[in-house]
Amino acid sequence: MRALLPRLPRRQRRPGPELRVPARGLLEARVPWVRDRALDHVVERERHLVPFLLAKDALLSAAPPPHAVPLHSLPSTIPFPFRPLRFLRLYPSAFALSPHPVAVSPTPRLAGIHSAEAQVLDSTRADAADRLLRLLMLAPARALPLHLVARLRLDLGLAPDFPRSLLPNYPDYFALSRDGALLELVCYRKDLAVSAMQSYAQRTGGYKVGDAVPFPLSFPRGFELDKKVRKWLDDWQRLPYISPYEDGSHLTPRSDITEKRTAAVLHEVLSLTVGKKMEKEVLVKLGEALRLPPGFRKVLARHPGIFYLSHKLRTQTVVLRESFRRHMLVDKHPMMGIRYQYLHLMHMGQEEAGKRKGKGRKTVRGEQMIGEEFGAEGENDDEEDEEYDDDEEEDMEAGVASGDEDSDDDDDDEEGEKEDMEAGVASRDEDSDDEDADDTDHAAKG
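Right, let's walk through the structure included here. Treat the numbers as computed from the prediction; the structure is a model and nothing was measured.

**Regarding the pattern of salt bridges**
Pairing is possible between side chains that carry opposite charge, provided their charged atoms lie close to one another.
Then, in step 1: Tallying each qualifying case throughout the model produces 16 salt bridges.
Then, in step 2: Between arginine 321 and aspartate 36 there is a salt bridge, and its shortest N-O distance comes to 2.9 Å. You can see arginine 321 sitting in the loop between β10 (317-320) and β11 (324-325) and its partner aspartate 36 sitting in the loop between β1 (32-33) and α1 (37-44), a full 285 residues away along the chain. As far as the burial class goes, arginine 321 and aspartate 36 line up, both buried.
Then, in step 3: As a salt-bridge pair, arginine 47 and glutamate 44 come within 3.4 Å of each other at their nearest N and O atoms. Comparing arginine 47 with glutamate 44, the two get one shared label, buried.
Then, in step 4: What you see here is one network of salt bridges that share partners, running through Lys56, Asp57, Glu117 and Arg153.

Okay, structure coming up:
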């Protein structure tokens, strides 16, 4: 018989401080969803902003001036909420329409804001490149689909033509794959591999690897946590903070420590956006590209003190709570100043239409709110809340945020989640319905 060879000892890697933490049981209790009117307003005030900006870009990228474009030539990829003609007529302060054949051109005020936006994009180009680089550094494959990055363009504050105006200027940062489908990382910069949470910890007392950095928490009025949930959350906050830029593949699956790192990744992604929020559908696609562990969507539901899920605008939007004081951004990126100018221009057109219908009081109030968001001082925060609460619908019945949990198991459950979300979404404002009906009448007469 052959002599048995002695078995060599298995090579072991010395565990880091996070591996010595016992894996606590994941939270099984349901966490209630409570409406936050201020953060709902953050989402709702940008109604129609995305199709507005995409239509603006399509017009002002046309050549030669005066940029008049036939209506049928607008890109079919613009997500108009209804017929393009009806949409453009809502904003006469931005879009000028000419009949027979119908053509659309930007007004001087729209062109002026677009010029200011171009200057901001030029001055913040290095910042945009750094944020895009950090996003690629979060990806284990150090690459992301270019079409996904393009979908994140407005969230990241990138120029419409960023593949031509930004990427070639940073060849030491970015490269395209041979087929052009992937945006790849060229150089990993360790000096940029510092998360927003780590920067916060360094400012407030220092940070070293393995420290238990707690996430800043805030809850809306009327929100209460069960004692069991509060106890779990306190223990979870005391777990070591694992940087999203560190490899987390060695962490125990379905453990609290893995959940905390997942929350850190989602927190960092939202911190990289200029508006500190993102549609949940897009965030889920990005999370899958970043190879977050299965069930990562449950983290958004289980931590309402970090993330707020708004059901406004017939979708779900994830808002980073700590970035807002009431409905105002704490740190406003220059691109957000431009966005507020576009919103101001949009409201100007709606105000003119509202006055024609005898709704001047409400539209003037909306105009005042947008003006305050440009940087004007508000008289009183509580009064501001009352202003934009006056005409909103009644509170939605208390939902359960953990309704998302089952949606991670299969696509059938995800469809059920969407049905629940749509059932809980409040209907559009009566005024916007009136405007739509009025616009339909105008279109019929035209």
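**Section: the environment of glycine 222**
Then, in step 1: Its location among the elements puts glycine 222 in the loop between α9 (196-203) and α10 (227-237).
Then, in step 2: Accessibility expressed as a relative area gives 67% for glycine 222, which makes it exposed.
Then, in step 3: With 186 residues separating them in the primary sequence, glycine 222 and aspartate 36 have C-alpha atoms 9.7 Å apart.

**Re the sheet that holds strand β7 (residues 182-185)**
Then, in step 1: Read across the open sheet, the 3 strands follow the order β5-β7-β6; overall the sheet is antiparallel. Each of the sheet's edge strands pairs with one partner strand only, and the pair in question is β5 (143-145) and β6 (174-176). Taking the axes of each pair of neighbouring strands and ignoring which way they run, one obtains an average angle of 25° across the sheet.
Then, in step 2: Direction of pairing for β6 relative to β7: antiparallel, over a ladder of 3 bridges. Residue pairing for β7: leucine 176 is matched across the bridge by leucine 183.
Then, in step 3: Where helix α5 (residues 125-138) meets the sheet, its contacts fall on β5, β6 and β7, and the angle it forms with β7 comes to roughly 90°.

**Points about the sheet that holds strand β3 (residues 95-98)**
Then, in step 1: Strand order in the open sheet formed by 3 strands is β2-β4-β3, with antiparallel pairing between adjacent strands. At either end of the open sheet lies a strand with only one pairing partner, and these are β2 (69-70) and β3.
Then, in step 2: Of the pairings in the sheet, the one linking β2 to strand β4 (residues 103-106) comprises 2 bridges and is antiparallel in character. By the bridge assignment, valine 69 is partnered in β4 with valine 104.

**So, the nonpolar core**
Then, in step 1: One finds Phe52, Phe95 and Phe174 to be the most contacted residues of the largest nonpolar core, which totals 111 residues.
Then, in step 2: The element best represented in this core is helix α14 (residues 334-356), accounting for 9 residues.

**Re the packing of α10 against helix α11 (residues 256-271)**
Then, in step 1: Axis separation between α10 and α11 bottoms out at 10 Å; the angle between their running directions is 75°. By the angle between their directions, the pair α10 and α11 is classed as roughly perpendicular. Across the interface between the two elements, Trp232, Trp236 and Gln237 of α10 pack against Asp256, Glu259, Lys260 and Ala263 of α11.
Then, in step 2: Split into classes, the residues belonging to the contact of α10 with α11 amount to 3 nonpolar, 1 polar and 3 charged.

**A closer look at helix α12 (residues 280-289)**
Then, in step 1: When we look at burial in α12, the residues that qualify are Lys280, Val282, Leu283, Val284, Leu286 and Gly287.
Then, in step 2: In the stretch just after α12, arginine 291 is the one whose phi turns positive, near 60°.

**Comments concerning the side chain of threonine 273**
Then, in step 1: One can find threonine 273 in the loop between α11 and β8 (277-279).
Then, in step 2: Threonine 273 sits in the buried class, given a relative accessible area of 2%.
Then, in step 3: A distance of 3.5 Å separates a polar atom in the side chain of threonine 273 from the backbone nitrogen of lysine 277.
Then, in step 4: Setting aside residues up to four positions removed in sequence, threonine 273 forms contacts with Asp155 and Met278.

**What about the pairing of β10?**
Then, in step 1: Burial along β10 is two-sided: Thr317 and Val319 and Val318 and Leu320, pointing in opposite directions, are all buried.
Then, in step 2: Where β8 meets β10, 3 bridges bridge the pair, whose relative direction is antiparallel. Bridge assignment links methionine 278 to a residue of β10, and that residue is valine 318.
Then, in step 3: Of the strand pairs in this sheet, strand β9 (residues 307-310) and β10 are connected by 4 bridges, and their pairing is antiparallel. Counted as the bridge partner of phenylalanine 307 is leucine 320 from β10.
Then, in step 4: Linking β9 back to β10 in an antiparallel pair, the connection comprises 6 residues, with leucine 313 at a positive phi of about 60°.

**Structural notes on the packing of helix α2 (residues 49-60) against helix α4 (residues 108-123)**
Packed helix pairs are characterised by how far apart their axes lie and by the angle those axes make with each other.
Then, in step 1: The interhelical angle for the contact between α2 and α4, taken along N-to-C directions, is 90°, at an axis separation of 11 Å. As the angle between them shows, α2 and α4 are arranged roughly perpendicular. Between α2 and α4, the residues in contact are Phe52, Lys56, Asp57 and Leu60 and Leu110, Ala111, His114 and Glu117, respectively.
Then, in step 2: Per-class residue counts for the contact of α2 with α4 are 4 nonpolar, 1 polar and 3 charged.

Cut-offs and rules
Residues numbered from 1 in each chain as written. Predicted model: local features only at pLDDT ≥ 70, side-chain atom pairs only at ≥ 80, totals over all residues. Heavy atoms only, no water. Salt bridge = Lys/Arg side-chain N within 4 Å of Asp/Glu carboxyl O. Helix = DSSP H or I, 4+ residues; strand = E, 2+ residues; numbered from the N terminus. Buried < 20%, exposed > 50% of the residue type's maximum accessible area, 1.4 Å probe, protein only. Pairing = 2+ DSSP bridges. Axes fitted to C-alpha atoms, helices over the stretch in contact; angles between N-to-C directions. Contact = heavy atoms within 4.5 Å. Core = buried A, V, L, I, M, F, W, Y, C linked by side-chain atoms within 4.5 Å. Parallel < 35°, antiparallel > 145°, perpendicular 65-115°, else oblique. Nonpolar A, V, L, I, M, F, W, Y, C, P; charged D, E, K, R; others polar. Polar contact = N/O pair within 3.5 Å; in protein donor to acceptor, adjacent residues only side chain to side chain.

As far as function goes, none of this settles anything; it's purely spatial.
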